[in-house]
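The chain contents come next:
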Amino acid sequence: MTLRVIHGGRGSSDLAPGLLITGASEVVTMAGGLRMGADQDDPAVLRAADAGGSDAPDAPVVACWEGRIVAVGPRESVVAALAAEGLPASRFARLDADGGTVTPGLIDAHTHLLFAGTREGELLLRQRGATYLEILAAGGGILSTVAATRAATEDDLLAHGRRWLDEMLSHGVTTVEAKSGYGLDPATELRLLHAAGILGEEGPIDVVPTYLGAHAVPPEFRSQPDAADAYVRSIIQDQLPLVAAQGIARFCDVFCERGVFSMEQSRLVLEAAMAVGLEPRLHADEIAPSGGAELAAELGAISADHLAAPSAEGIDALARAAAEGRPVIATLLPATTWFLMADDYAPARRLIERGVPVAIASDFNPGTSPTPNLSLVLTVACLELGLTPAEALAGVTVNAAHALGLGDEVGSLEPGRQADLVIWRVPSYVQIPYYPGANLVRAVVKRGQPILERP
Ligand code: NIG
Ligand code: FE
């Protein structure tokens, strides 16, 4: 198998300014905005079969111009409309989907991309009965990654980031959120965010940096009786001003969990973050009901993530927020539940029935979810959360884009959006989660340029 990955992908001038994607059996547009309730099951698909086949004159095509989508629809009318706008067919390179499925580029809206070291030993500990929080309390878990990450240089982190971003790209991911949170001291947190910023500048994947200083209480605070409170004060006084001045992080996240940071401590961190211009998001109720969903609704967080164990009040709060037109997106991370061998998955169906928009992400990290394969996570979402393929796909495209505040930029194939898309070598999107772990990506287009093609 040959992979052709071109780094950069930001408008190199020797390429045609236009790109026309033809020959698809389905174009999954995800047009129409954030999906909630029954709408989450509508992927807004254009089917070649309805037009007489993928080579028929009215078969669906996608036209891109200078990095943006300019038209999606029946081939002959799109080509005529482009010519009428002064964009003749001769200025468009062609990409033949060869009977495959075209979707928006996948968006992984929750990852801990940057860290050093590995933690395969914890799998054995969990198999012998240790729990995730017991391993953390004993100084392992996140804290062992913190020790390795503090010792890593920025170059080490960049090399690691490039390796895993390439892997994500090979599975069809074109935008990635990347959290800090394995430094837990000002210098290392800033280094992690700086590395995330550089990786996004390099491209081709867009990287959205999130500050997660409140990921765990670091070792140097743990001997104090009020360790978590003292560390929260230090985050607010010593870290947040530097993070804000650095100007790279867009969001602030907190691990709001009984035994890690309480609802009150999480509120203090997120309010201070909002005061310096960072938008709030949370690790909420991953292991036990901890007030995370309630706090996300109260603060108007853009996303509440995990939600494997929300309280009934927490679900009510998210449902109310959605009904009042200020939805908090429930970003569910089923690969984490799977890898932790935990019994309880997030109540995805209940959230959808209550009108809460659901996104799906990998949670890529060295402890609880070391998979970079977001299409495998789609399979887990279907099998364990009970989502339909359409609901799950909306969760890694349009809803994931909204969970990163990028709903007007990426996540759907509509005129004006950035031209990020994937061609899959299956005739229908329903087959993407159907082949667990397979790599079905034929091509990835980023900002209107093919950056990965498999012959
Ligand atoms: O989302 N739960 C908190 N953070 C990560 C795990 C981090 C780690 O174990 O290294 C999560 O699961
Ligand atoms: Fe996480």
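Residues numbered from 1 in each chain as written. Chains lettered and ligands numbered in written order. Predicted model: local features only at pLDDT ≥ 70, side-chain atom pairs only at ≥ 80, totals over all residues. Heavy atoms only, no water.

> Which residues make up the overall build of the protein, and what are the values?
Looking only at helices and strands, the protein has 15 helices and 18 strands in total. Relative to the 2.2 N^0.38 estimate, which gives 23 Å for 455 residues, the radius of gyration of the protein is 22 Å and therefore close to what a compact globule would have. Seen along its three principal axes, the alpha-carbon backbone of the protein occupies a region of about 70 × 45 × 45 Å. For the protein, the residues scored as buried account for 60% of the 455 residues in total. Restricting the contact set of the protein to residue pairs at least 6 apart, pairs at least 24 apart contribute 75%. When the accessible surface of the protein is split by element, carbon and sulfur atoms take 53% of a total near 16300 Å². (Helix = DSSP H or I, 4+ residues; strand = E, 2+ residues; numbered from the N terminus. Rg over C-alpha atoms; globule rule 2.2 N^0.38 Å. Buried < 20%, exposed > 50% of the residue type's maximum accessible area, 1.4 Å probe, protein only. Contact = heavy atoms within 4.5 Å. Areas by Shrake-Rupley, 256 points an atom, 1.4 Å probe, with all protein chains shown as cover.)

> Could you give an account of empty space enclosed by the protein, with specific residues and numbers?
Throughout the structure, instances matching the rule amount to four cavities of 30 Å³ or more. Of the pockets and cavities examined, the largest cavity occupies roughly 80 Å³. Taken together, 13 residues make up the lining of the largest cavity; nearest its centre are His112, Tyr132, His215, Asn365 and Thr368. In terms of residue class, the lining of the largest cavity is built from four nonpolar, six polar and three charged. (1 Å grid on protein atoms, 1.4 Å probe; cavity = no way out; pocket = protein on both sides within 12 Å on 5 of 7 lines; lining within 4 Å. Points joined across faces, edges and corners; volume = space filled by probe spheres on them. Nonpolar A, V, L, I, M, F, W, Y, C, P; charged D, E, K, R; others polar.)

> Outline the packing of aromatic side chains, listing residues and values.
For the structure on display, the rule yields seven aromatic pairs. The interplanar angle of 75° and the centroid separation of 6.1 Å between the aromatic rings of Phe115 and Tyr182 together place this pair among those described as edge-to-face. Here Phe115, found in the loop between β8 (106–108) and α2 (121–127), pairs with Tyr182, found in the loop between β9 (173–179) and α6 (186–202); they are 67 residues apart in sequence, far enough to count as distant. A relative accessible area of 7% means that Phe115 is categorised as buried. Judged by its relative accessible area of 1%, Tyr182 falls in the buried class. Residues Trp164 and Phe364 carry aromatic rings whose centres are separated by 5.3 Å and whose planes lie at 45° to one another, so their mutual orientation is tilted. On the criterion of sequence distance, the pair formed by Trp164 in helix α5 (residues 154–170) and Phe364 in the loop between β15 (358–360) and α13 (374–384) is long-range, its members being 200 residues apart. In this pair, the class of Trp164 matches that of Phe364, namely buried. Every member of this aromatic cluster is reached through a ring pair, and the members are Phe115, Trp164, Tyr182 and Phe364. (Phe/Tyr/Trp six-rings, centres within 6.5 Å; stacked < 30°, edge-to-face > 60°.)

> Go over the site of ligand 1 with me, naming the residues and quoting the values.
The environment of ligand 1 is formed by 16 residues, the closest being Arg119, Tyr132, Tyr182, His215 and Glu286. In the environment of ligand 1, a nitrogen atom lies 2.6 Å from a nitrogen or oxygen atom belonging to the side chain of Glu286. A distance of 2.8 Å separates an oxygen atom of ligand 1 from a polar atom in the side chain of Asp363. In isolation ligand 1 has 330 Å² of accessible area, and contact with the protein removes 100% of it. Among the detected pockets, ligand 1 sits in the largest cavity. In terms of residue class, the shell around ligand 1 is built from four nonpolar, nine polar and three charged. (Near = heavy atom within 4 Å. Polar contact = N/O pair within 3.5 Å; in protein donor to acceptor, adjacent residues only side chain to side chain. Sits in = over half its atoms within 2 Å of the grid points.)

> Hey, could you go over the sheet that holds strand β16 (residues 421–424) for me, with residue numbers and the actual values?
Taking strand neighbours across the sheet as the criterion, the six strands line up as β3-β2-β7-β16-β17-β18 in an open arrangement whose pairing is mixed. Strands at the two margins of the open sheet, each flanked by one partner only, are β3 (45–47) and β18 (449–453). Along the sheet, successive strands turn relative to each other by an average axial angle of 15°, direction set aside. Sheet topology places strand β2 (residues 26–28) next to strand β7 (residues 101–104); two bridges connect them, and they run parallel. Paired with Val27 across the two strands is Val102, which belongs to β7. (Pairing = 2+ DSSP bridges. Axes fitted to C-alpha atoms, helices over the stretch in contact; angles between N-to-C directions.)

> Account for the sheet that holds β8, with residues named and values stated.
If you walk across this open sheet you meet the eight strands as β8-β9-β10-β11-β12-β13-β14-β15, and the pairing is parallel. With partners counted over all chains shown, the strands left at the sheet margins are β8 and β15, one partner each. The mean angle between the axes of side-by-side strands here comes to 25°, regardless of whether they run parallel or antiparallel. In this sheet, strand β11 (residues 251–256) lies alongside strand β10 (residues 206–214) in parallel orientation, the contact comprising three bridges. Looking across to β11, one finds that Ala214 is bridged to Val254. Sitting on the sheet, α6 touches β9 and β10, and the angle it makes with β10 is about 170°.

> Break down the pattern of salt bridges for me, with residues and values.
One pass over the full model with this rule turns up 19 salt bridges. Taking the shortest distance from any N to any O, the salt bridge between Asp253 and Lys179 comes out at 2.7 Å. Of this pair, Asp253 sits in strand β11 while Lys179 sits in strand β9, and the two are 74 residues apart along the sequence. Under the relative-accessibility criterion, Asp253 is labelled buried at 1%. The class of Lys179 is buried, set by a relative accessible area of 1%. Sharing partners across several salt bridges, the network here consists of Glu177, Lys179, Asp253 and Arg281. (Salt bridge = Lys/Arg side-chain N within 4 Å of Asp/Glu carboxyl O.)

> Which residues make up the coordination of the iron ion (ligand 2), and what are the values?
Coordination of the iron ion (ligand 2) by the protein comes from His110 (NE2), His112 (NE2), His283 (NE2) and Asp363 (OD), over a distance range of 2.1 to 2.2 Å. Of note, the donors binding the iron ion (ligand 2) are all from one chain and are spaced H-x1-H-x170-H-x79-D. Judged by its relative accessible area of 2%, His112 is buried. (Donors = N, O, S within 2.8 Å, 3.2 Å for Na, K, Ca; no water.)

> Please give an account of the domain arrangement of the protein that cites residues and values.
As assigned here, the protein comprises domain 1 (4–104 + 412–453) and domain 2 (106–403). The straight-line distance from the C-alpha centre of domain 1 to that of domain 2 is 30 Å. Of the roughly 3000 Å² buried where domain 1 meets domain 2, counting both sides, 64% is carbon and sulfur surface. In terms of surface lost to domain 2, no three residues of domain 1 exceed Leu34, Gln40 and Pro433, which account for 22% of the buried area on that side. On inspection of domain 1 and its partner domain 2, the count reaches two salt bridges. Between Asp206 and Arg447 there is a salt bridge whose closest N-O contact spans 2.6 Å. Along the contact surface separating domain 1 from domain 2 lie 13 residue pairs in polar contact (both at pLDDT 80 or more). Per-element tally for the side of domain 1 that touches domain 2: the top contributor is strand β17 (residues 441–446), with four residues. (Domains from an automatic or database assignment. Buried area = accessible area lost by both parts, 1.4 Å probe.)

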